[in-house]
Amino acid sequence: KNVLYFQNAKDFETIVNTDSFTPRFKINDIVSIFVSTFDLEAVKPFNIYKGGEGRIANPEFIDYLIDIDGNIDYPVLGKVKLLGLTVEEARELFKEKLSLYLKDPIVNIRILNFRVSVLGEVRRPGRYDVSGERITILEAIALAGDLGIKGKRENVMVVRDFNGTKTYTRIDLTSKELFNSPVYYLTQNDVVYVQQNNSAISSASGDTRIGTIISITSFLITTALIFVTRN
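A. Inspection of the overall build of the protein at higher detail. The helix and strand inventory of the protein stands at four helices and twelve strands. Put simply, the protein has 231 residues, and 35% of those count as buried. Look at the contacts in the protein between residues 6 or more apart in sequence, and 62% of them connect residues 24 or more apart. Carbon and sulfur atoms make up 57% of the accessible area of the protein, which amounts to about 14300 Å² in all.

Pasting the structure below:
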């Protein structure tokens, strides 16, 4: 019973749709921005290539880092504040600013550093890149190969950084209430930590004590044999 997820969910139960989470830009996010329009010459100043225009055959655009003030330094436009905006809000902001220079600009924006870390009692702990714009805690755990049998399912911690301020939220995977948790949808650079249960901790401690006892016993037996042999 202790290892089952969603234990209090009932048959045919309906849940109100709360699937409304959208990620927002944070300090130190790395952002990709590409502007296009029908006039290819007019749009050139807004799309900077790594290595200059000689790389157009295989273009690789520069990325933008959100600084400690929440801004990026964008060509022509200068400082643009993205901190706290969603991708869609940032897209509309750029369209408004670019409308002074371009007719009907199209703006594509992506968060390039959207990744989460899953640590502790899972089968494949590690850091995982997210290809889309959001991921649930269940999907992150699935990427890590699910919890081991010794993982503490009712006490999974999510560590989140809000521009330098750490928050720690615990979630119970055995309860359907996890779907209403503020950390059900993860944000970029969240850390999910699965604690070992008491039996795993006791077992690890026991293994250490047993190893110590065996080492001491072996030493005493060896010493006794040397003493007997010499006498």
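B. Up close: the sheet that holds strand E12 (residues 191-196). One open sheet accounts for five strands, arranged E7-E6-E12-E9-E10; its pairing is mixed. Strands at the two margins of the open sheet, each flanked by one partner only, are strand E7 (126-129) and strand E10 (165-171). Put simply, the sheet's adjacent strands are angled 20 degrees from each other on average, direction ignored. In the sheet, strand E9 (residues 151-162) pairs with E10 via seven bridges, with the strands oriented antiparallel.

C. Representation of the nonpolar core. Ranked by internal contacts, the top residues of the largest apolar core, which has 44 residues, are Ile 33, Tyr 74 and Phe 94. A total of four residues in this core trace back to one element, the largest contributor, which is helix H2 (residues 87-98).

D. Molecular detail of the sheet that holds strand E1 (residues 30-36). One open sheet holds the three strands; their spatial order is E2-E1-E5, and the pairing between them is antiparallel. Every interior strand has two partners, whereas the edge strands, strand E2 (64-65) and strand E5 (106-111), have only one. Sheet topology places E1 next to E2; two bridges connect them, and they run antiparallel. Following the sheet pairing, Val 31 is matched in E2 by Tyr 64.

E. Examining unusual backbone geometry more closely. Phi is positive for Asn 28, close to 75 degrees, though the residue is something other than glycine. Checked against the element boundaries, Asn 28 lands in the segment before E1. Positioned with a positive phi, Asp 104 is a non-glycine residue whose angle comes to about 50 degrees. A relative accessible area of 54% means that Asp 104 is categorised as exposed.

F. Local environment of the packing of aromatic side chains. Counted according to the given criterion, the structure contains seven aromatic pairs. Where Phe 34 meets Phe 61, the ring centres are 5.0 Å apart and the plane angle is 50 degrees; that geometry is what we call tilted. Of this pair, Phe 34 sits in strand E1 while Phe 61 is found in the loop between helix H1 (40-43) and E2, placing the two residues 27 residues apart along the sequence. The exposure class assigned to Phe 34 is partly exposed, which follows from its relative accessible area of 30%.

G. Seen up close, H2. Counted at 1.5 Å a residue, the expected span for H2 with its twelve residues is 16 Å, and the 16 Å between its end C-alpha atoms agrees. Every buried residue of H2 is accounted for by Val 87, Ala 90, Arg 91, Phe 94 and Leu 98. Looking down the long axis of H2, one finds its buried residues gathered within 105 degrees of arc, a one-sided arrangement.

H. A nonpolar patch on the surface, seen in detail. Side chains of Ile 30, Leu 65 and Leu 112 sit close together on the surface and give an oily, nonpolar patch of about 240 Å² of accessible area. Note on Leu 65: relative accessible area 52%, which makes it exposed.

I. Spotlight on the pairing of E1. With burial as the criterion, only one face of E1 is covered, namely that bearing Val 31, Ile 33 and Val 35; the residues Ile 30, Ser 32, Phe 34 and Ser 36 on the opposite face remain uncovered. One ladder, built from six bridges, connects E1 with E5; its direction is antiparallel. Note that in E5 the partner of Ile 33 across the bridge is Ile 109.

J. Local environment of the environment of Val 159. Take Val 159: it is sitting in strand E9. Since its relative accessible area comes to 18%, Val 159 is described here as buried. Here Val 159 is in contact with Lys 166, Thr 167, Tyr 168, Asp 190 and Val 191, once residues within four sequence places are set aside.

How each quantity is defined
- Counting from 1, residues in each chain are numbered in the order their sequence is written.
- Reporting in this predicted model follows two pLDDT cut-offs: at least 70 for local features of residues, and 80 or more for side-chain atom pairs to be given and counted; totals over whole chains, interfaces and linings ignore these cut-offs and use all residues.
- Water and hydrogen atoms play no part in the side-chain values, which are based on all heavy atoms of the structure.
- In DSSP terms, a helix is any run of H or I states spanning at least four residues, a strand is any run of E spanning at least two, and both are numbered starting from the N terminus.
- For the exposure calls, accessible area comes from a 1.4 Å probe over protein chains only, and a residue counts as buried if that area is under 20% of its type's maximum, exposed if over 50%, partly exposed in between.
- Contact definition: two residues touch when any of their heavy atoms are within 4.5 Å.
- The Shrake-Rupley method, run with a 1.4 Å probe sphere, supplies the accessible areas, and residue values consider only the shown protein chains as cover.
- In this description, strands pair whenever DSSP reports at least two bridges between them.
- Angles here are taken between N-to-C directions and fall from 0 to 180 degrees, while the axes themselves are lines fitted to C-alpha atoms, restricted in helices to the stretch in contact.
- Among buried residues, those of type Ala, Val, Leu, Ile, Met, Phe, Trp, Tyr and Cys that are joined through side-chain atoms within 4.5 Å constitute a nonpolar core.
- Put simply, two rings from Phe, Tyr or Trp (the six-membered ring, in Trp's case) pair if the centres are within 6.5 Å, and we call them stacked under 30 degrees between planes, edge-to-face over 60, tilted for the rest.
- Given a helix with a known number of residues, its expected span is that number minus one, times 1.5 Å.
- Arc definition: directions from the helix axis to the C-beta atoms.
- Two distance rules govern patches: like charges are joined within 9 Å, and nonpolar side chains (Val, Leu, Ile, Met, Phe, Trp, Tyr) within 5 Å, applied only to residues with over 30% relative accessible area and no salt bridge.
- Throughout this description, the term salt bridge denotes a Lys or Arg side-chain nitrogen within 4 Å of a carboxyl oxygen of Asp or Glu.

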